[in-house]
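Okay, here's what each chain looks like letter by letter:
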Amino acid sequence: HYFIQSNLRMQDHKPAKRKRVDKNSPVCDFPKVNPCGTGGTCQSAAMQCFAGVACIVGIKSPGPWYHVSDTEHFCFPCYEHFLRPHKKGYTSYFNWKLKWNINSQCDPGLKLYMTEEVLPFWIRCSACRKWRKLDQEKNLVDVNQETWTCSQNKDLACQAEEAHDVTVVSSSGWLERLGVPPLIKNSPAEPFLVHYYSDGVGMSSSVYQQPKRNGHDSEELMAEPVVMDGPLDNNFKPFNQPGQQGKALCFRPDIMEMDEERTFPEFKRFQVFYLAMRNLILALWNTNPKEHLTVVDVERAVIVRGMVRIRYSLEALRVLSFLTQRGIINTGILPLTINPDLMIITPQRKPTVAVIGAGIAGLAAARQLTMFGYKVVIYEGRDRIGGRIWDDTAFGICVAKGAQIITGCINNPTTLMCKQLDIPLHVIRDNGCELFEENGCPAAPDHDRRTDFHFNALLDAVAEWKLERLNLAKSRLESRESIRGENSMRISLEDKIMELHKLSMSQNRQEFSEDEKRLLQFHLSNLEYACGAPISKVSGMWWDQNEEYSQFTGDHAFLYKGYSVITDALAEGLDIQLNEEMVYKRFVTVVMRVSGDTDLEQTCAHMLKDDVIIIAQGSPQLLELTTVETRSLSKLPQMNTSLIRLLLHCL
């Protein structure tokens with residue numbers, strides 16, 4: 001029916017004589033007769049068609065214009081060239097649409113096609129650093145951005161002025177007036193996000209290839225964890241996956257986090273732009289965490305048509321700095337080179353930061369702050385670094401007197417540092433860790449299984465008791481803070497476990513043998529190791545409050561070369577003052593006073609004469625200490641409270 005009507009119209013109306021633009025010219029310059037489809041909000045003074053495939057001049061009213069951005073439009077004849085089935089461009093549009101629908105959550109229109117396939121690329125000259133429009137027939141993927149110069153374009157030299165539209169891209173409101181979402185092609189995040197719709201996480205669907213794993217389509221395995229092959233590491237998973245529990249240090253790739261919305265409120269209503277940039281940066285870092293990730297690396301990885309690539313380049317530094325200051329990227333054991341773009345202080349004033357304690361937390365914080373441009377001094381009371389990490393190699397092998405196991409390797413900062421130092425990890429399997437008695441013989445397997453089941457049942461019973469108490473408080477409309485003071489809630493974890501243990505033994509009319517009692521004591525001591533304190537001093541009600549947050553998951557690993565390899569690498573190049581026992585004890589004693597802020601101020605000012613003081617002590621009271629410290633240090637001269645909170649967050 002459509003073709004019959006079209007033929008009748010062509011017979012009834014004689015086509016007017018029209019002069020076509022030279023097909024080699026990508027621009028047609030129509031007078032601005034009809035506004036583009038933005039409701040009059042477009043800021044363009046004179047529209048030009050970027051397509052140039054069917055442009056016709058010499059007519060006063062060529063038809064409506066179609067808006068891509070304030071600086072990019074295409075005309076009605078070019079629109080018809082791709083939309084109408086009898087036109088030459090329809091086949092390419094139809095095939096692209098089929099490919100797009102494979103992994104897209106939206107129905108693609110012609111405007112999106114023009115943005116994805118026809119809009120020219122923009123590239124920065126490596127010599128003059130000016131932005132240039134790439135020749136229409138060239139693809140940015142095939143160009144070496146590191147060596148590209150203006151002379152590689154037709155009739156262009158570095159002496160030529162930069163296009164005026166480049167300055168318009170940075171104006172306020174330009175991004176909000178984009179006609180279609182700016183989706184990145186060939187994003188490094190694609191292998192990490194195969195279970196998401198591409199256009200929902202800021203990636204183009206036109207280059208999507210449906211992944212296969214073990215001979216099956218990915219759709220059959222949507223509920224299973226993603227297995228990374230090739231250069232990707234199973235221990236580095238920066239994004240949450242659909243249908244899986246959240247992991248520590250994971251981001252949702254399809255939505256902004258709360259602190260991201262606070263930092264970038266301008267992207268809150270237009271999140272796809274920010275998500276595309278953030279996901280790309282996280283993927284680049286997790287693919288190669290052994291080198292500093294720079295703005296240039298990010299800029300070259302952004303493959304997108306149109307002038308929005310310039311805007312991506314302008315915003316890259318802000319997003320990169322945000323993720324770096326949060327300790328998500330550019331962290332761990334990297335060369336102590338200061339990147340001026342990522343410094344959070346001014347070069348005119350270089351404040352000194354005193355870190356109290358040379359354990360792994362203090363060393364990591366000092367190293368990160370040094371890369372931010374601060375002058376850092378570490379004060380350690382012992383004659384060695386490492387804190388609770390202390391390895392003995394007197395017998396030719398490493399015997400740990402402290403930590404030697406990574407609990408949950410996925411996204412663990414310790415795993416990251418092992419990756420950076422090429423330290424192999426020995427994965428601990430469930431069936432490969434035997435318990436030995438004092439005489440050197442393995443524990444009886446049946447005793448081991450029975451005690452392990454009983455201990456886990458006790459922890460489940462503690463959790464049920466806690467839930468009952470919280471539900472009771474909720475029914476009485478009491479807050480958590482109000483029930484913390486009740487005497488019935490102040491029972492220790494040890495007392496609660498032993499109470500439930502005796503109850504279980506009496507109800508089941510059972511008794512543990514001496515071997516089983518020793519095994520139960522092992523599990524209790526292991527629980528103390530996990531809590532970092534005697535369970536007689538740990539709250540039975542609140543001991544597992546960290547379970548409300550995402551945990552480090554994955555395999556547990558054993559560092560047979562010891563943790564000292566990591567602490568030694570962290571300490572390299574840092575100013576560490578050992579045997580500062582008086583300074584260490586005096587400062588910690590003062591900070592632990594809940595009252596007496598004036599004394600703290602005077603002591604800090606006269607004792608170390610530093611601008612900022614950070615406690616990096618891995619103790620159960622760390623949360624309390626940092627709270628007191630934030631309130632007290634804010635009174636020091638020339639102090640910035642927000643800066644202190646940022647530095648404490650680095651720990």
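In this report, we go over the structure that sits alongside the text. (Residues numbered from 1 in each chain as written. Predicted model: local features only at pLDDT ≥ 70, side-chain atom pairs only at ≥ 80, totals over all residues. Heavy atoms only, no water.)

### With respect to the overall build of the protein chain
Which entries qualify depends on this criterion: Numbering of helices and strands runs from the N terminus, with a helix taken as a DSSP run of H or I at least four residues long and a strand as a DSSP run of E at least two residues long. Buried, partly exposed and exposed residues are distinguished by accessible area as a fraction of the type maximum, computed with a 1.4 Å probe on protein chains only: under 20%, between the cut-offs, and over 50%, respectively. Contacts: residue pairs with any heavy atoms within 4.5 Å of one another. For every accessible area listed, the method is Shrake-Rupley and the probe measures 1.4 Å; residues are considered covered only by the protein chains on display.
Of the regular secondary structure elements, the protein chain holds 20 helices and 17 strands. Here the protein chain holds 651 residues, and 46% of them are scored as buried. Look at the contacts in the protein chain between residues 6 or more apart in sequence, and 67% of them connect residues 24 or more apart. Here the protein chain displays about 34,800 Å² of accessible surface, and carbon together with sulfur accounts for 51% of that area.

### Regarding the packing of helix α10 (residues 360-371) against helix α16 (residues 564-571)
Spelled out, the test is: Lines fitted to C-alpha atoms define the axes here, with helix axes fitted over just the stretch in contact, and angles between the N-to-C directions of these axes take values from 0 to 180 degrees. Take the far helix as the reference: if the near one is turned anticlockwise from it by less than a right angle, the crossing is left-handed, and if turned clockwise, right-handed.
Taken N-terminus to C-terminus, the directions of α10 and α16 make an angle of 35°; their axes are 9 Å apart at the nearest point. For the crossing formed where α10 meets α16, the hand is left-handed. In contact with I360, L363, A364 and R367 of α10, α16 contributes I566, T567, A569, L570 and A571.

### A look at α16
Counting buried positions along α16 yields six of eight residues, so the element is predominantly enclosed. Buried within α16 are the following residues: S564, I566, T567, A569, L570 and A571. Those residues of α16 hidden inside the fold are in contact with α10, β11 (391-392), α11 (413-420) and β16 (575-577). Taken from the residues just after α16, G573 is the one with a positive phi, measuring 85°.

### Quick word on the packing of aromatic side chains
Heads up, the condition is: By convention, a stacked pair of Phe, Tyr or Trp rings (six-membered ring in the case of Trp) has centres within 6.5 Å and planes under 30 degrees apart, an edge-to-face pair has planes over 60 apart, and any other such pair is tilted. Charge-over-ring contacts are defined here by two conditions on Lys NZ or Arg CZ: a distance within 6 Å of the ring centre and an angle within 35 degrees of the ring normal.
Summed over all chains, the structure comprises 17 aromatic pairs. With centroids separated by 5.7 Å and ring planes inclined at 70°, the aromatic side chains of F50 and F74 adopt a geometry described as edge-to-face. Residue F50 is located in the loop between β1 (19-20) and β2 (56-57), and its partner F74 is located in strand β4 (residues 72-74); the two are separated by 24 residues in the primary sequence. A residue is classified by how much of its surface remains accessible, and F50, at 7% relative accessible area, is buried. The exposure class of F74 is buried, given its relative accessible area of 0%. Relative to Y79, the ring of F76 has its centre 6.2 Å away and its plane inclined at 20°; by these criteria the two rings are stacked. Residue F76 and its partner Y79 are both found in helix α2 (residues 76-83); the two are separated by three residues, about one turn of the helix. An aromatic cluster is present here, built from F264, F267, F273, Y274, Y312 and F322 joined pairwise through their rings. Over the ring of W390 we find R384; its NZ or CZ atom is 4.3 Å from the centre of that ring.

### Observations concerning the pairing of strand β3 (residues 66-69)
Threshold: Any two strands are treated as partners once DSSP identifies two or more bridges connecting them.
The pairing of β3 with β4 spans three bridges and is antiparallel. Counted as the bridge partner of S69 is E72 from β4. Between β3 and β4, which pair antiparallel and follow one another directly, the connecting turn spans two residues.

### Looking at the sheet that holds strand β13 (residues 405-406)
On the basis of which strands lie adjacent, the open sheet formed by three strands has the order β13-β15-β14 and antiparallel pairing. Either end of the sheet is taken by a strand with one partner, and the two such strands are β13 and β14 (426-428). As defined by bridge partners, β14 adjoins strand β15 (residues 556-558) across three bridges and the pair is classed as antiparallel. Each bridged residue has a counterpart across the sheet, and for I428 the counterpart in β15 is H556.

### What about the environment of C125?
Mapped onto the fold, C125 is located in the loop between β5 (122-124) and β6 (131-133). Its relative accessible area of 0% is what places C125 among the buried residues. Considered as a pair, C125 and W148 are 23 residues apart in the sequence and their alpha carbons are 5.9 Å apart. In contact with C125, other than residues within four places in its own chain, are K130, W148, T149, C150 and C158.

### Some details on the nonpolar core
The tendency in soluble globular proteins is for nonpolar side chains to be buried side by side. Just so we agree on the cut-off: Grouping buried Ala, Val, Leu, Ile, Met, Phe, Trp, Tyr and Cys residues that are joined through side-chain atoms within 4.5 Å yields what is termed a nonpolar core.
M114, I281, V298, Y312, L323 and I329 are the most contacted members of the largest nonpolar core, which has 78 residues in total. Elements represented by at least two residues in this core include exactly β3, α2, α3 (90-100), α4 (110-118), α5 (165-169), α7 (271-287), α8 (295-301) and α9 (308-325). No other element matches the 12 residues that α7 contributes to this core. If we ignore the near neighbours within four places in the chain, the residues touching M114 are F50, A51, F74, F82 and L119. I333, A358, I389 and A403 belong to the second largest nonpolar core, which has 26 residues in total.

### What about the pattern of salt bridges?
The criterion, for reference: We count a salt bridge whenever a side-chain nitrogen from Lys or Arg sits within 4 Å of a carboxyl oxygen from Asp or Glu.
Tallying each qualifying case throughout the model produces 24 salt bridges. E137 is the salt-bridge partner of K154, the closest N and O atoms lying 3.4 Å from each other. Here the residue K154 occupies a position in the loop between β6 and α5, and E137 occupies one in the loop between β6 and α5, the gap between them amounting to 17 residues. Classification of K154 by relative accessible area gives exposed; the value is 58%. Salt-bridge contacts for D259 lead to R326; the nearest nitrogen and oxygen are separated by 2.8 Å. Taken as a pair, D259 in helix α6 (residues 258-263) and R326 in the loop between α9 and β9 (352-356) lie far apart in primary sequence, 67 residues in all. Among the residues examined, R326 registers a relative accessible area of 26% and is labelled partly exposed. Overlapping salt bridges bring together E266, R311, E315 and R318 as one network.

### Description of the environment of V118
On the secondary structure map, V118 appears in helix α4. Distance from V118 to G306, taken between C-alpha atoms, is 9.2 Å for residues 188 residues apart in sequence. If we ignore the near neighbours within four places in the chain, the residues touching V118 are F50, A51, F82, Y113, Q136 and R305.

### Focus: the packing of α2 against α3
Formally: Angles are sorted into four bins: roughly parallel if under 35 degrees, roughly antiparallel if over 145, roughly perpendicular if 65 to 115, and oblique for all others. The classification used treats Ala, Val, Leu, Ile, Met, Phe, Trp, Tyr, Cys and Pro as nonpolar, Asp, Glu, Lys and Arg as charged, and all other residues, Gly among them, as polar.
With their axes 6 Å apart at the nearest point, α2 and α3 run at an angle of 65° to one another. By the angle between their axes, α2 is roughly perpendicular relative to α3. Judged by residue contacts, H81, F82 and L83 of α2 engage Y90, S92 and Y93 from α3. Looking at the contact of α2 with α3 residue by residue, the classes come out as four nonpolar, two polar and no charged.

### Side note on a nonpolar patch on the surface
Inclusion rule: Surface patches are defined over residues having more than 30% relative accessible area and no salt bridge, joining like charges when they lie within 9 Å and nonpolar side chains (Val, Leu, Ile, Met, Phe, Trp, Tyr) when within 5 Å.
A contiguous nonpolar patch, built from F395, I397 and V399 and spanning about 360 Å² of accessible area, is present on the exposed surface. The topology assignment puts F395 in the loop between β11 and β12 (399-400). For F395, a relative accessible area of 74% corresponds to the exposed category.

### Here's the deal with the pairing of β9
As a reminder, the rule being used: Throughout, right-handed denotes a crossover for which the path from the first strand over the helix to the second runs clockwise when the strands point away from the viewer.
Among the five residues in β9, five count as buried, and that is most of the element. A two-sided burial pattern is seen for β9, the buried positions comprising T352, A354 and I356 on one face and V353 and V355 on the other. Assessed by its sense of winding, the connection that carries the chain from β9 through α10 to strand β10 (residues 375-379) is right-handed.

### Considering the side chain of H73
What counts here: Pairs of N or O atoms are called polar contacts if they sit within 3.5 Å, as long as, within protein, a hydrogen donor faces a hydrogen acceptor (for residues adjacent in sequence, only side-chain-to-side-chain pairs).
Turning to its location among the elements, H73 is positioned in strand β4. Within the structure, H73 has its side chain in polar contact with the side chain of H67 (distance 3.4 Å).

### Quick look at α10
Applicable threshold: Helix span, as expected, comes to 1.5 Å for every residue beyond the first.
With 12 residues, α10 extends 17 Å from end C-alpha to end C-alpha; this agrees with the ideal 16 Å at 1.5 Å per step. Judged by how many residues are buried, α10 sits mostly within the fold: nine of 12 residues are covered. Where α10 is concerned, the buried positions are G362, L363, A365, A366, R367, Q368, L369, T370 and M371. Where α10 ends, the next residue or the one after it, G373, has phi of about 110°, a positive value.

Purely geometric numbers; function is a separate question.
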